Amino acid sequence: MIIFDVDADNYRLYQIDGEDVTVIGEFDEAYTHEGLEFGTDYTFAVRALCGEAGVKEESDLTILEVTTIQMGDVNADGNVDILDLQKMIAYMNGTIAEDATFIFDAADFNEDGKINVVDIVAFVNHWKDLGAEEKAMLHTDDGNIYLTENLIRFESDGNLAAVQFELKGTNLEMLDLDILLPGFEIETWIADNALKGIIYSTDNRPIESGMIDMIRISNGTNLEWGSVFAADKGEQEVNVRTHGAIEEVIDITFNAYPNPSYGQFTTEVVAPRGSDVELRLFDMSGRVVSQKSLVAEGREEVSWNEDLRAGVYIMRMIATPEDGQSVSREVRIIINQ
């Protein structure tokens, strides 16, 4: 887009292509010309129109050589580099200087009228010449993001390259977020009563698939999610579902070692945090010869030192999660002389 500003009464604008001269239109004060391609040279000309007593006189043509900014050259310095990426982030977080050059159209890669994390990924693809062949064929599943007191965890299919998020709460100015993903950057700012941020890399490396620890939280108070979305490597916006405390899905397992033993052995219990766990050791007649109980915090080890006759025993574990049904597991314990 080119905007011509003038301070005369009337002007006529021409576009020149070799020997072809085309009248684009007449204007006073300002004229906006859209539809120009990035990084292309254009030749325009203007001619002043002066009319007195019904006679219109035209001045000589004034040639204007125009070179449009290339896509990604946000600061209009003729290069596409890290400085343009920094300028895009500064625009997003509101720290860009009022007199700084910022070419919005060169930053709005998907032409949606907004600058966000999708444009960040598209900029890096353009800057580093990455991933163009993947854009049309990439299918990305929704992501999931989980918030606990001191950790943010993230779950995805391995196609996501960047995340944009909002956190709401109290004393947000005291909140400290440390990125735990190697090779990624985090930028945060406070606006509209929320802490906003983006997580990105300068090579659009994918966020590791599966459930991962993403951010360590310090000094968080009454935090809850605002808007969260992501961008995949193909420059598509991807929905991210938000969750509070991590909804644990842990297989309840039970084991004992060494087995056989001489009466000294260890049982290992894996159960969801907060589960009530009962352990009972039975002889082959069904009599309880020893028992213990505990509240699981994930993985627990319980030591046993029993004075038992040689033989075969059954160790039964019953785990009852806080919001689930009881689960029973058994292990055969062999005691040697």
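Draft legend 1. The pairing of strand E22 (residues 311-320), seen in detail. Relative to E22, strand E19 (residues 276-282) is paired through 7 bridges, and the arrangement is antiparallel. Looking across to E22, one finds that aspartate 276 is bridged to threonine 320. In this sheet, strand E23 (residues 327-335) lies alongside E22 in antiparallel orientation, the contact comprising 9 bridges. Of the residues in E23, the one forming a bridge with methionine 317 is arginine 329.

Draft legend 2. Expanded view of the sheet that holds strand E18 (residues 264-270). Within the open sheet, the 3 strands sit side by side as E17-E18-E21. Their pairing is antiparallel. Single-partner strands in this sheet number two, and they are strand E17 (253-257) and strand E21 (299-305). Across this sheet, the average inter-strand angle for adjacent strands is 20°, counted without regard to direction. The pairing of E17 with E18 spans 5 bridges and is classified as antiparallel. Paired with alanine 256 across the two strands is threonine 267, which belongs to E18.

Draft legend 3. Structural detail: helix H1 (residues 82-93). The end-to-end C-alpha distance of H1 is 17 Å, a good match for the 16 Å that 12 residues give at a rise of 1.5 Å each. For H1, the complete set of buried residues consists of Asp84, Leu85, Lys87, Met88, Ile89, Ala90, Met92 and Asn93. Tucked into the core, H1 has its buried residues touching helix H2 (104-107), helix H3 (117-128), strand E10 (160-170), strand E12 (185-191) and strand E13 (194-200). At the N-terminal boundary of H1, the capping side chain belongs to aspartate 81, with an oxygen 3.1 Å from the backbone nitrogen of leucine 83. Downstream of H1 by a residue or two, glycine 94 has a phi angle that is positive, lying close to 80°.

What counts and how
- Residues numbered from 1 in each chain as written.
- Predicted model: local features only at pLDDT ≥ 70, side-chain atom pairs only at ≥ 80, totals over all residues.
- Heavy atoms only, no water.
- Pairing = 2+ DSSP bridges.
- Helix = DSSP H or I, 4+ residues; strand = E, 2+ residues; numbered from the N terminus.
- Axes fitted to C-alpha atoms, helices over the stretch in contact; angles between N-to-C directions.
- Expected span 1.5 Å × (residues − 1).
- Buried < 20%, exposed > 50% of the residue type's maximum accessible area, 1.4 Å probe, protein only.
- Contact = heavy atoms within 4.5 Å.
- Polar contact = N/O pair within 3.5 Å; in protein donor to acceptor, adjacent residues only side chain to side chain.

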